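Residue-level structural notes
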Amino acid sequence: MRGRIVLQSTSSEIDCSPDYILRELWEYARVLASRSSPKNGMQLELKQCTILPWRMDDAESVARHANNRKIWLGVRDLFPHPYTIEDAREFLQRAIIEQPEMKFCVKIEGAAVGGIGVHPGQDVHRHTATVGYWLGEQFWGRGIMTEAVTAITDFCFDNFPLRRISAEVFSNNPASARVLEKAGFTFEGRLKNHVLKDRKLLDSLLYARTK
Ligand SMILES: CC(C)(COP(=O)(O)OP(=O)(O)OC[C@H]1O[C@@H](n2cnc3c(N)ncnc32)[C@H](O)[C@@H]1OP(=O)(O)O)[C@@H](O)C(=O)NCCC(=O)NCCS
């Protein structure tokens with residue numbers, strides 16, 4: 001069949017025909033466009049929280065909950081500490097316009113108390129994404145982030161042509177590793193000396209869900 005390549009892999013076949021890829025790209029663009037529209041904006045109503053796009057008026061609440069060294073210790077250094085209202089505004093300005101970066105707010109009773117972001121891969125990794133998240137400390141230990149990570153992963157697999165969503169957890173962060181396990185991610189390996197955080201050299205733990 002002309003122009004059609006079918007890649008054989010041990011677990012599945014991937015259709016790489018130009019028609020298929022074009023169709024997938026159009027579908028991707030359509031879903032992104034509908035998500036960006038305030039009328040049809042993506043909103044996941046979960047048992048304990050709601051996941052929805054960020055708004056500029058989340059700044060004060062974000063700064064209040066994100067300004068916590070315990071949160072900073074679990075995330076990349078890109079996440080500021082201390083976390084000021086200016087940091088929140090700068091983050092929100094970028095998050096609101098970035099495409100196809102998909103960063104969402106975790107809201108409880110109307111207040112922005114956490115964040116969850118999906119970062120699409122590029123080039124040969126364009127069928128993959130990584131996920132990152134944080135939650136205000138007063139809400140820890142109630143299963144909220146497990147619910148959020150499960151829902152955003154399901155949403156991404158249902159709406160985007162993704163075959164793999166992964167996350168890397170610092171080896172001194174068992175709570176986050178547990179979130180991923182409960183959300184159906186599989187532990188794939190330990191990346192030795194992968195992270196330099198708070199002047200400590202740490203391993204990171206690679207988790208993924210595949211479709
Ligand atoms: C990691 C984080 C998102 C977890 O959110 P959360 O809503 O409290 O998570 P959940 O309640 O859904 O699940 C936490 C699980 O970790 C477990 N846990 C917490 N502390 C733990 C510890 N020190 N050792 C082992 N397990 C631990 C909890 O018991 C729970 O598991 P269980 O339901 O089996 O009892 C939150 O702590 C956070 O924002 N941390 C700072 C930022 C961060 O680390 N982000 C992740 C970057 S990869």
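As the structure is a prediction and not an experimental result, all values here were calculated from the model. Per chain, residue numbering runs from 1 following the sequence as it is written. Per-residue local features of the predicted model are confined to residues with pLDDT of at least 70, and side-chain atom pairs are confined, for both listing and counting, to 80 or more; whole-chain, interface and lining totals are unaffected and use all residues. The side-chain values count all of the structure's non-hydrogen atoms but skip hydrogen atoms and water molecules.

Focus on the pattern of salt bridges
For the record, the criterion: Salt bridges are counted wherever a side-chain nitrogen of Lys or Arg sits within 4 Å of a carboxyl oxygen of Asp or Glu. Burial classes: relative accessible area under 20% of the type maximum marks a residue as buried, over 50% as exposed, and values in between as partly exposed (1.4 Å probe, protein chains only).
Evaluated as defined, the whole model comprises twelve salt bridges. Between Lys 103 and Glu 98 there is a salt bridge whose closest N-O contact spans 2.9 Å. Taking relative accessible area as the criterion, Glu 98 reaches 24% and is therefore assigned partly exposed. Overlapping salt bridges, with partners in common, bring together Arg 69, Asp 198 and Lys 200 in one network.

Considering helix H5 (residues 144-159)
We apply this condition: Every helix listed is a DSSP run of H or I at least four residues long, and every strand listed is a run of E at least two residues long, numbered separately from the N terminus. To estimate how far a helix should reach, multiply one less than its number of residues by 1.5 Å.
The terminal C-alpha atoms of H5 lie 22 Å apart, and with 16 residues this matches the ideal 22 Å at 1.5 Å per residue to within 8%. Counting buried residues along H5, twelve of its 16 residues qualify, which places the element largely inside the surrounding structure. Residues of H5 that are buried: Ile 144, Met 145, Thr 146, Glu 147, Ala 148, Val 149, Ala 151, Ile 152, Thr 153, Phe 155, Cys 156 and Phe 157.

Remarks on the environment of Val 118
Tracing the chain through its elements places Val 118 in strand S6 (residues 111-120). As for Val 118 and Lys 103, which are separated by 15 residues in sequence, their C-alpha atoms are 6.1 Å apart.

What to know about the packing of aromatic side chains
Applied cut-off: Two aromatic rings, drawn from Phe, Tyr or Trp (for Trp, its six-membered ring), form a pair once their centres lie within 6.5 Å of each other, and the interplanar angle then sorts them: stacked below 30 degrees, edge-to-face above 60, tilted otherwise.
For the structure shown, the criterion picks out five aromatic pairs. Pairing Phe 79 with Trp 134 gives two aromatic rings, centres 5.7 Å apart and planes at 70 degrees, and the pair type is edge-to-face. Remark: Trp 134 occurs in strand S7 (residues 128-135) and Phe 79 occurs in the loop between helix H3 (69-72) and helix H4 (85-97); sequence separation between them is 55 residues. Its relative accessible area of 13% is what places Phe 79 among the buried residues. Given a relative accessible area of 11%, Trp 134 falls into the buried group.

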